[in-house]
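In case you want the letters, here they are:
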Amino acid sequence: MTGTPARRRHSPAVYRRRRLVLIIALLVIVGVIWLLIAQPWRGWGAESTGGDPQPQTQNTATSLPVPTSPQPNPTETGAVDGAVEGSVVEGTSTPSATPGATPTAQPCVAGDIVVEPVTTQDSYTGDQSPQFLISLTNSGADCTLNVGTSAQSFTVTSGSDTWWRSTDCQSEPSDMVVLLGAGQTVTSAAPLTWDRTRSAVGTCDDPTRPRAPGGGSSYHLSVEIGGIASTQSKQFLLY
């Protein structure tokens, strides 16, 4: 009587080879998954360049940022609507400081920098708010200067009486070190507006701040930037 022949069992060596092949296959799969996640080749390009990153070039100045300050509430006693002390923000053409930027020139020398105060008009009527700018000229070699809002100051005086300082109520001052080319002249990106009131550190939001007299009264604007003050003031009249 014939029957189905019994299947011959494989030797232990065959099973060991099969288990080894399975383990190798699993290791390959795990390795491929790790490579897809870690992507170690991303750092190879940076490592091949020598390690240390190249220094960034200093920004070249095209215009100056404008300080800002909170807006006092207008009163019914003559405050001009829309006249905001320091309301104009930095213009779009103003360069922004690059973190870690390495200067390509030495710091500017005060004797080579000419700082001038500028008013948009020589006189302002009762419904107009004076607007101010800074003009900056480098008469020396290429140099770097902090022209940020933290390094700017506008001051209005009448005789020996100081009426207004832009730093009294300035908000969010910041540094901006830029490169000034030899012979280059830059000005504020936009004018800074004075609301014709007397400033003081503790009165920034006070709607009852005293207003500067008009009627042809004479005032003088002085400015400072990067620790360098204007040598002459700019006169203007209020009516």
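Structural data are supplied above this passage.
Note that the structure is a prediction, hence the values are computed from the model and not measured. (Residues numbered from 1 in each chain as written. Predicted model: local features only at pLDDT ≥ 70, side-chain atom pairs only at ≥ 80, totals over all residues. Heavy atoms only, no water.)

(A) How the structure looks around the side chain of R196. The topology assignment puts R196 in the loop between β9 (192-193) and β10 (217-225). For the buried R196, which has no salt bridge, the nearest side chain bearing the opposite charge is D127, at an N-O separation of 6.6 Å. In terms of polar contacts, R196 uses its side chain to reach the backbone carbonyl oxygen of T125, at 2.7 Å. Once you skip the residues sitting within four places of it in the chain, R196 turns out to touch Y124, T125, G126, Q128, S129, P130, P210, R211, A212, G214, L238 and Y239. (Helix = DSSP H or I, 4+ residues; strand = E, 2+ residues; numbered from the N terminus. Buried < 20%, exposed > 50% of the residue type's maximum accessible area, 1.4 Å probe, protein only. Lys, Arg positive; Asp, Glu negative; His and termini not counted. Salt bridge = Lys/Arg side-chain N within 4 Å of Asp/Glu carboxyl O. Polar contact = N/O pair within 3.5 Å; in protein donor to acceptor, adjacent residues only side chain to side chain. Contact = heavy atoms within 4.5 Å.)

(B) Expanded view of the state of the cysteines. A complete count under the given rule lists two disulfides for this structure. Covalent S-S linkage joins C108 and C143, the inter-sulfur distance amounting to 2.0 Å. Because the torsion about its S-S bond is 85°, the bridge between C108 and C143 counts as right-handed. Here C108 is found in the loop between α2 (44-48) and β1 (113-119), whereas its partner C143 is found in strand β4 (residues 143-146), with 35 residues between them in sequence. For the pair formed by C108 and C143, the shared burial category is buried. Between the sulfur atoms of C169 and its disulfide partner C204 the distance amounts to 2.1 Å. Where C169 bonds to C204 through sulfur, the torsion about that S-S bond is close to -90°, and the disulfide is left-handed. One end of the pair, C169, is in the loop between β6 (161-165) and β7 (177-180); the other, C204, is in the loop between β9 and β10, with 35 residues separating them in the sequence. A relative accessible area of 4% means that C169 is categorised as buried. Among the residues examined, C204 registers a relative accessible area of 13% and is labelled buried. (Disulfide = S-S within 2.5 Å.)

No statement about biological role is implied by the geometric values presented.
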